[in-house]
Amino acid sequence: MKTILFQGDSITDGEHSNDNPLNPGYCYPLFVKSYLDRNYPEEYQILNRAIAGNHVVDVYARMMRDIVALKPDVLSILIGVNDVLGWLKEDKTSPGEDIYYRTYCQLIEDTRKFLPDVQIMILEPFIASGMPEAEKRGSFTALAYRYAELTRNIAEKYGLTYIHLQDKFNEALKKAPSEYWIYDDVHPTVEGTALIAEAWLDAFRKMENGNKK
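Residues numbered from 1 in each chain as written. Predicted model: local features only at pLDDT ≥ 70, side-chain atom pairs only at ≥ 80, totals over all residues. Heavy atoms only, no water.

Colleague: What's the story with the overall build of the chain in this structure? I'm lost.
Modeller: The helix and strand inventory of the chain stands at 10 helices and 5 strands. Computed over its C-alpha atoms, the radius of gyration of the chain comes to 16 Å, within 12% of the 17 Å expected for a compact globule of 213 residues. Seen through its principal axes, the chain has C-alpha atoms that stretch 50 × 35 × 35 Å. Evaluated residue by residue, the chain yields a buried proportion of 53% over its 213 residues. The contacts of the chain with a sequence gap of at least 6 include a subset with a gap of at least 24, amounting to 74%. (Helix = DSSP H or I, 4+ residues; strand = E, 2+ residues; numbered from the N terminus. Rg over C-alpha atoms; globule rule 2.2 N^0.38 Å. Buried < 20%, exposed > 50% of the residue type's maximum accessible area, 1.4 Å probe, protein only. Contact = heavy atoms within 4.5 Å.)

Here it is, written out as structure tokens:
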């Protein structure tokens, strides 16, 4: 049985239970688990160790306990929006682009050092409509896109499976307004959650098929 571990912040957390693998929370890991359990019984174990409010430095700080010790076959990471939001606050509660990039890279390198065979998937941090305050909306959008670019660069640098989400939400916004997909600019509704899960599963199938060649 392969173990798939989800890491990140509140977009992944979904009030999951660390003590009960049958409760992966209400976010996209639940959708992924439902699909895999239905179609591939007893082939995959889904674990969720995301923590709401986390920045990338937080994920790195708990890497040994919440990644390495669990020995996943597949590690999926979605992180970044709190780094963007924290930097926009006046007290600068996140460390900025350079430390985000370097810490994320160190997370990948150190994870591979301890788990050389782990397959890593990273998801693009995304937004739908920006900050509610008009004066911050432009800055939020621009910075969110910048962090997404940094994340893509990390995926390319280490040859990781990268899951594009911003383009998918931009296309979705042509079909329905932002509140249909995301209820507060960053946290997805059920429909937005399904969109993320579909993108994840598409990337996972391609990765698995590539491994079989």
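Colleague: Sorry if this is basic, but what is going on with the pairing of strand β1 (residues 2–8) here?
Modeller: Regular strands have side chains that alternate between both faces of the sheet. By the criterion of burial, β1 is predominantly enclosed, with 6 of the 7 residues buried. One ladder, built from 5 bridges, connects β1 with strand β2 (residues 44–48); its direction is parallel. Each residue of the ladder has a partner; that of F6, found in β2, is N48. Here 5 bridges tie β1 to strand β3 (residues 74–78), and the two strands are oriented parallel to one another. (Pairing = 2+ DSSP bridges.)

Colleague: How should I be thinking about the packing of aromatic side chains in this particular structure?
Modeller: The relation between two aromatic rings is expressed through the spacing of the ring centres and the mutual angle of the planes. Under the defined criterion, the tally for this structure stands at 9 aromatic pairs. Each ring, one from F126 and one from F169, has its centre 4.5 Å from the other, and the planes form 15 degrees; the classification is stacked. Taken together, the residues F126 in the loop between β4 (119–123) and α7 (134–158) and F169 in helix α8 (residues 166–172) connect sequence positions 43 residues apart. On the basis of relative accessible area, F126 is assigned to the buried category, the value being 2%. Classification of F169 by relative accessible area gives buried; the value is 1%. Aromatic ring contacts, followed pair by pair, group F6, Y28, Y40, Y44, W200 and F204 into a single cluster. (Phe/Tyr/Trp six-rings, centres within 6.5 Å; stacked < 30°, edge-to-face > 60°.)

Colleague: Help me understand helix α2 (residues 28–39), please; the structure alone is not making it clear to me.
Modeller: Structurally, the α-helix is built with 3.6 residues per turn, so residues lying three or four positions apart point the same way. Helix length check: α2 (12 residues) gives 17 Å between terminal C-alpha atoms against 16 Å at 1.5 Å per residue, within 8%. Among all positions of α2, only Y28, P29, V32, K33 and L36 are buried. Buried residues of α2, viewed axially, fall in a sector of 140 degrees; they line one side. (Expected span 1.5 Å × (residues − 1). Arc of directions from axis to C-beta.)

Colleague: What should I look at first to understand the pattern of salt bridges in this one?
Modeller: Close approach of charged atoms allows side chains with opposite charge to pair. Tallying each qualifying case throughout the model produces 11 salt bridges. When the shortest N-O distance is used, the salt bridge between D37 and K33 registers 2.8 Å. With D37 and K33 both in helix α2, this residue pair falls 4 residues apart, about one helical turn. You can call K33 buried: its relative accessible area is 13%. With a shortest N-O distance of 3.1 Å, E149 and R146 are connected by a salt bridge. Of this pair, E149 and R146 are both found in helix α7, 3 residues apart, which corresponds to roughly one turn of the helix. Residue E149 is classed as partly exposed on the basis of its relative accessible area, which comes to 34%. (Salt bridge = Lys/Arg side-chain N within 4 Å of Asp/Glu carboxyl O.)

Colleague: It is not clear to me how helix α6 (residues 97–114) should be interpreted in this structure. Could you clarify?
Modeller: Taking 1.5 Å per residue, 18 residues should reach 26 Å; α6 reaches 26 Å between its end C-alpha atoms and fits that length. Of all the residues in α6, the buried ones are Y100, T103, Y104, C105, L107, I108, D110 and T111.

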